[in-house]
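Each chain is listed here by its residues.
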Amino acid sequence: MTDVDAILSPGVRIEQTRRWLAKLRVEGLVDRITLPQRGRLRGWFPTQYGVQVACEWPELRGRRPSKTVSDRTAARLRAGHALTVTETGLAFLQDARRRGELCRPLDWIPEVYHPIGSSEAVIPDALLYYRRGRDGGEGAMLRAFVEVDRATMGPERLAAKLTAYARLYDYVPAPVPGRRHRQVGQEPVREEWRWHYPLFPRLLFVLDGTGPAGIETRIRALRAAAADLALSGFLRNVPVLVAPLVEVLQGGPAEPVWHPVQDPAAPSAGATPRAWTRPMQPTAVQRLRTTPTTGPTTAGQSVGRPVEPRPGSAG
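Given the structure is predicted, the values throughout are model-derived calculations rather than measurements.

Overall, mixed pairing links the six strands, which are arranged S3-S6-S7-S8-S9-S10 in an open sheet. The strands lining the two open edges of the sheet, one partner per strand, are strand S3 (108–110) and strand S10 (259–260). As paired strands, strand S6 (residues 126–132) and strand S7 (residues 140–149) are joined by seven bridges and run antiparallel to one another. If you follow Ala 126 over to S7, its bridge partner there is Val 146. Sheet strands touched by helix H6 (residues 155–170): S7, strand S8 (202–207) and strand S9 (240–244). Its angle to S8, the strand with the most contacts, is close to 165 degrees. Contacting S7, S8, S9 and S10, helix H7 (residues 212–226) crosses the sheet at an angle of about 155 degrees to S8.

See the structure below:
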């Protein structure tokens, strides 16, 4: 079974999927490449016309696609990373099916463009929509930015992504030149991400391409970056979790295989992994920012009250 079969039609024979892809290719919507060092395995990508058609779907309307998504050379050069991202997304889709929860193919959207000013942007490897709880029953809608790291960059460059996401969290677009006063009935100025999400998505790092020692080094780098006080507001409200891809694939992404980045005081070797769907708990950073209460506890000692997250903390 190919990744396309597993994502779109797990109960359909591979020959049928190949016929569908061949028809889409004849219609000019998709094209294919032969993947390097993978025998006759082929990778499929949308053409420019296919991108235009897909962007009219309600699920993708308003999304800005990558400039190179329909480029054959770019597709060949990025095939390894794209396959790992697809493998990660497939893990979420299949795990949701097993659990009776809701995560469909269009709930995994690669490379969604998010501007942060100065002609810069944050482009996560994928934006994930996931409904926790049985379909038809009570549940919670979760969102996550997913970053898949194949150890092709140093740990410091990986950790620098925390700063980029903190910028996205705080970014407010500049007002239109010449418009100084807000008109009656006009929407108030607010962070860019609030136009797209009711809550800021969680941030998930998935690590691959290195052994246990390399993964440990990268987790420590992320935790060292999280100690920067400039990121405290972002980290106080947005869960940031990291997991090795091998553990995500073995147990499923809903299992407690995710290590919190927010608690740099806890050694990564001794920190308890958690499920990424679990509600955010106060971290060591938050516990240090406490205010005394007016009354003593039963033990005769005053207690601290964590600072309440402001509206817009991650969902």
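We now examine the side chain of Thr 84. Within the fold, Thr 84 resides in helix H5 (residues 79–99). Judged by relative accessible area, which is 8%, Thr 84 ranks as buried. Side-chain polar atoms of Thr 84 contact the side chain of Arg 150, separated by 3.5 Å. In this structure, Thr 84 is in contact with Val 148, Arg 150, Asp 208 and Leu 245, ignoring residues within four places of it in sequence.

What counts, and at which threshold
The residue count restarts for each chain, going from 1 along the sequence in the order it is written. In keeping with the model being predicted, local features are shown solely for residues with a pLDDT of at least 70 and side-chain atom pairs are shown and tallied solely at 80 or more, while totals for entire chains, interfaces and linings include all residues. Note that water and hydrogens are dropped before the side-chain values are worked out from all heavy atoms of the structure. In this description, strands pair whenever DSSP reports at least two bridges between them. Numbering of helices and strands runs from the N terminus, with a helix taken as a DSSP run of H or I at least four residues long and a strand as a DSSP run of E at least two residues long. Between two residues, a contact is recorded if the distance between any of their heavy atoms is within 4.5 Å. Inter-axis angles, ranging from 0 to 180 degrees, are taken between N-to-C directions of lines fitted to C-alpha atoms, where helices are fitted over the stretch in contact. Burial classification: accessible surface area is computed with a 1.4 Å probe over protein chains only, and a residue below 20% of its type maximum counts as buried, one above 50% as exposed, and the rest as partly exposed. Within 3.5 Å is the distance limit for a polar contact, defined as a pair of N or O atoms, with the added protein rule that one can donate a hydrogen and the other accept it, and that residues adjacent in sequence qualify only through two side-chain atoms.

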